[in-house]
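# Per-entry structural report
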Amino acid sequence: MHASIRFNDVPVGTSLHPIRQEISQAFIDRYAVASQDFNPVHIDPEWCSRAQVFGTPKTVAHGMATMSLMTSVVIRAWGATAGIRCIESKFTKPVEVGQTLTIQGVVREWHPIGPGRNFVIVEVRAQDTNGDLVGISRIEVALAD
Amino acid sequence: MKGSERVAVYLETEKQRRFERDFLAGWEHYETWDTVEIGPVGPAARDYVVEEEDVLSYNRACGETDPLMVDPEYARKHSPTGKIIAHPVFFTSICFYCVSPKGRGTWIRTPGARNPFQKIEIIEPIVVGERISLTMKTEDRWIQRGKHYITNLFEYSAAGKLKGRAWGTLVLPSTREEVRRFAVA
């Protein structure tokens, strides 16, 4: 399935299969270790209850974890070798521990530049349990002709 | 138990075991928004030799299950490089490892920091076995709606060839005294 994705297969409006991810403290902790970002706002509940960096006493997920999950929408739909060339992500609301993210992608731009140079822009949006937007990404993907 | 101690159960790699996990330790030495120098380019404190275990750890933490990303034996037979494929945002792990707890770029460890937006440009995927060198330049700082923003450009190279760029932006406490408020909370 993955290797067969071609530029002409994914016109503007193509939806990518959504993913869901529960943001447990274990998920946050494991991401902290893997990314080596040990900021206490992510991993130290007692410090968070005192510091309230985001106005909440809870820990929050790494923005880079949300960015990774938004990027994962593309690689899970189109394969690990998908030609991702650029990822721009904006984080619009802190993701508190205990939330479940639903992340969806849609092809928004289709760039027929020429053989070997064609690419699309996938817009990926992440929403929390309440349906609030927590992150939005613009992901440029080069695709085979 | 402090968070930096509790997460030790998840340590998987040699780099992770050696890494200074307590970001509240040594905050007095971190660069701050009001003192950081804009413009000069310099190397990070250390290089990053990409090991299979590093990539596996990041991919698994993101929840990936594609055997090209999590099964080294499968990847040896089916991956274009013969090696497991790194998640595109793996660049961020390299960045935190290469920036030391002292000196240039330490503001990325600041307690009280918030992450508003990020950009990663991938010129070539990171491949297991490469030695990645990182250079850093603080490109800009600004105040907008009362928040203090700072943007750093990180450039990742292997064997002299540019692999990717990342523009990392944070909202920071504006002064060391402001950082202290979070560091001792």
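For the structure given in this document, a descriptive report is provided here. (Residues numbered from 1 in each chain as written. Chains lettered and ligands numbered in written order. Predicted model: local features only at pLDDT ≥ 70, side-chain atom pairs only at ≥ 80, totals over all residues. Heavy atoms only, no water.)

Once that is clear, we can look at the pairing of strand S2 (residues 83–91) of chain A. Looking along a regular strand, one sees the side chains alternate between the two faces of the sheet. Relative to strand S5 (residues 133–142) of chain A, S2(A) is paired through 8 bridges, and the arrangement is antiparallel. When the bridges of S5(A) are listed, A:Phe91 appears paired with A:Gly135. (Pairing = 2+ DSSP bridges. Helix = DSSP H or I, 4+ residues; strand = E, 2+ residues; numbered from the N terminus.)

At A:Gln52, a residue that is not glycine, the phi angle is positive and equals roughly 45°. Locating A:Gln52 in the fold gives a position in the loop between helix H3 (45–51) and helix H4 (63–78). We classify A:Gln52 as partly exposed; its relative accessible area is 34%. With phi around 50°, B:Arg145 is a residue other than glycine that occupies positive phi space. Tracing the backbone shows B:Arg145 in the loop between strand S4 (131–144) and strand S5 (147–158). (Buried < 20%, exposed > 50% of the residue type's maximum accessible area, 1.4 Å probe, protein only.)

What follows concerns the interface of chain A and chain B. Contact with chain A, which involves 42 residues of that partner, is made by 51 residues of chain B. Interface area, chain A with chain B, both sides summed: about 4,000 Å², of which 61% is carbon and sulfur. Counting the surface chain A buries against chain B, the share from its top three residues, A:Arg30, A:Gln36 and A:Phe38, is 17%. Where chain A meets chain B, there are 3 salt bridges. A salt bridge links B:Arg6 to A:Asp29, with the shortest nitrogen-to-oxygen separation between them at 2.7 Å. The interface formed by chain A and chain B contains 19 residue pairs in polar contact (both at pLDDT 80 or more). When contributions to the side of chain A that touches chain B are tallied by element, the ones reaching two or more residues are helix H1 (25–35), helix H2 (40–43), H3, H4 and S2 of chain A. Residues that form the side of chain A that touches chain B fall into these classes: 22 nonpolar, 11 polar and 9 charged. Here S2(A) pairs with strand S3 (residues 114–122) of chain B via 5 bridges, running antiparallel. From the neighbouring strand, A:Ser89 faces S3(B), where its bridge partner is B:Gln118. (Contact = heavy atoms within 4.5 Å. Buried area = accessible area lost by both parts, 1.4 Å probe. Salt bridge = Lys/Arg side-chain N within 4 Å of Asp/Glu carboxyl O. Polar contact = N/O pair within 3.5 Å; in protein donor to acceptor, adjacent residues only side chain to side chain. Nonpolar A, V, L, I, M, F, W, Y, C, P; charged D, E, K, R; others polar.)

Each aromatic ring pair is described using two quantities: the centre-to-centre distance and the angle formed by the ring planes. What the rule picks out here adds up to 13 aromatic pairs over all chains. For the pair A:Tyr31 and B:Tyr58, a centre-to-centre distance of 5.5 Å together with 65° between the ring planes defines the contact as edge-to-face. With A:Tyr31 in helix H1 and B:Tyr58 in helix H3 (residues 52–61), this residue pair bridges two chains. Judged by relative accessible area, A:Tyr31 falls into the buried class, the value being 1%. Centroid distance B:Phe117 to B:Tyr149: 6.3 Å. Interplanar angle 20°. Geometry classified as stacked. Separated by 32 residues along the polypeptide, B:Phe117 in strand S3 and B:Tyr149 in strand S5 bring together distant segments of the chain. Three or more aromatic residues link up through ring pairs in this structure, and these residues are A:Tyr31, A:Phe38, B:Phe19, B:Phe23, B:Tyr48, B:Tyr58, B:Phe90, B:Phe96 and B:Tyr97. Between the NZ or CZ atom of B:Lys15 and the centre of the ring of B:Tyr97, over which it lies, the distance is 6.0 Å. Lying across the ring of B:Trp167, B:Lys119 places its NZ or CZ 4.9 Å from the centre. (Phe/Tyr/Trp six-rings, centres within 6.5 Å; stacked < 30°, edge-to-face > 60°. Lys NZ or Arg CZ within 6 Å of the ring centre and 35° of its normal.)

Note that all results are geometric; they support no functional claim without further evidence.
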